[in-house]
Number of protein chains: 2
Amino acid sequence: MDPDSVSKAFVDHYYSTFDTNRAGLANLYQENSMLNFEGQKYQGAQSIAGKLTSLPFQQCKHHINTVDCQPSGPAGGMLVFVSGNLSLPGEQHALKFSQMFHLIPTPQGSFYVQNDIFRLNYA
Amino acid sequence: MDPDSVSKAFVDHYYSTFDTNRAGLANLYQENSMLNFEGQKYQGAQSIAGKLTSLPFQQCKHHINTVDCQPSGPAGGMLVFVSGNLSLPGEQHALKFSQMFHLIPTPQGSFYVQNDIFRLNYA
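Quick summary incoming for the structure in this document. (Residues numbered from 1 in each chain as written. Chains lettered and ligands numbered in written order. Predicted model: local features only at pLDDT ≥ 70, side-chain atom pairs only at ≥ 80, totals over all residues. Heavy atoms only, no water.)

Considering the pairing of strand S6 (residues 111-120) of chain B
Residue and element names in this part refer to chain B. Operational definition: The rule is simple: take the accessible area with a 1.4 Å probe, protein chains only, and divide by the maximum for that residue type; under 20% is buried, over 50% is exposed, in between is partly exposed. Strands here mean DSSP runs of E at least two residues long; helices mean DSSP runs of H or I at least four residues long; both are numbered from the N terminus. Should DSSP find at least two bridges between two strands, the strands are taken to pair.
Counting buried positions along S6 gives nine out of ten residues, so the element sits mostly inside the fold. Of the strand pairs in this sheet, strand S1 (residues 29-37) and S6 are connected by five bridges, and their pairing is parallel. Bridge assignment links Tyr 29 to a residue of S6, and that residue is Val 113. Pairing analysis gives nine bridges linking strand S5 (residues 95-105) to S6, with the strands arranged antiparallel. Bridge pairing in S6 places Leu 103 opposite Val 113. What sits between the antiparallel neighbours S5 and S6 is a turn of five residues, in which Gly 109 has the positive phi angle 90°.

Some thoughts on the pattern of salt bridges
What counts, and what does not: In the sections that follow, a salt bridge refers to a side-chain nitrogen of Lys or Arg positioned within 4 Å of a carboxyl oxygen of Asp or Glu.
Counted by the stated rule, this structure contains four salt bridges over all chains. Linking Lys 41 of chain B and Asp 4 of chain A is a salt bridge whose minimum nitrogen-to-oxygen distance equals 3.4 Å. You can see Lys 41 of chain B sitting in strand S2 (residues 40-43) and its partner Asp 4 of chain A sitting in helix H1 (residues 3-20), one on each of two chains. Judged by relative accessible area, which is 52%, Lys 41 of chain B ranks as exposed.

A short note on the relation of the copies chain A and chain B
This is how the line gets drawn: For this overlay, a least-squares fit was computed on C-alpha atoms, restricted to residues scoring pLDDT of at least 70 in both copies. In this description, contact between two residues means that some pair of their heavy atoms is separated by no more than 4.5 Å.
Superposing chain A onto chain B requires a rotation of 180° together with a translation of 0.0 Å along the rotation axis, leaving an RMSD of 0.0 Å. This pairing of chains is accounted for by a two-fold axis. Take the interface residues of chain A: 100% of them recur as interface residues in chain B, which is what a same-surface contact looks like.

Some thoughts on the environment of Asp 12 of chain B
Following the sequence through the fold, Asp 12 of chain B ends up in helix H1 (residues 3-20). In this structure the C-alpha to C-alpha distance between Asp 12 of chain B and Gln 92 of chain B, which are 80 residues apart in sequence, comes to 24 Å.

What to know about the interface of chain A and chain B
This is how the line gets drawn: Reported buried area values correspond to the accessible surface (1.4 Å probe) lost by two parts on association, with both partners' losses combined. Under the rule applied, a polar contact is a pair of N or O atoms within 3.5 Å (in protein, one hydrogen donor and one hydrogen acceptor; residues adjacent in sequence only if both atoms are side-chain atoms).
Counting from both sides, the interface comprises 26 residues of chain A and, opposite them, 26 residues of chain B. For the pairing of chain A and chain B, the buried interface totals around 2,300 Å² over both sides, and the portion due to carbon and sulfur atoms is 55%. Our count for the chain A to chain B interface comes out at 15 residue pairs in polar contact (both at pLDDT 80 or more). Looking at the side of chain A that touches chain B, the elements with two or more residues in it are strand S1 (29-37), strand S3 (61-71), strand S4 (78-87), strand S5 (95-105) and strand S6 (111-120) of chain A.

Below, the structure is given as structure tokens:
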């Protein structure tokens, strides 16, 4: 697959997992993975999944507006940059967000998330 | 300097150069550098600087809201994620934007921009 297809497939998988089985996101991170979530820093799959599963809402729905990707270097890594909207129950207006992922290939031919930075875009 | 200080210094330098001497941005990129600008792709310092200096406005002012950074791997690279506002002459409202940079160390002890992805955040 070309990089654009890989990144779109990853993005679809990531956000559908987030919206339907958030604890399953732990499988996408490894021990050296890093998350900056609204400026708070987490490291390691367990810590990152702990943060994501303890967010103060149970249901949510991500809608993706744009996906950009670039190779990050000669080792097969990929940078993915996403913008979109996050709908929460009881909230009339969706929250805009931007997020970037640095994906690193695994020996099994898949990717894991080495770097993850998430920010809401306040109006 | 710690990574947060390096990334903040880079961000200050990048946007002050953008706002006062845009052609000088060419020095921050190399031949293998990549830019995605609102979904359009450019490669190499000359092509990237050509795009940035031909944007349809002469004056602009970036205001930075957030800067996040993470090491991108063992080779000393750094991921920098920025959100902010872009003010243009004659426009009443500033444009919100998000941008990410992948910085790679140079033998001279500085950094160049390997990857650059820019998106406006439309309301």
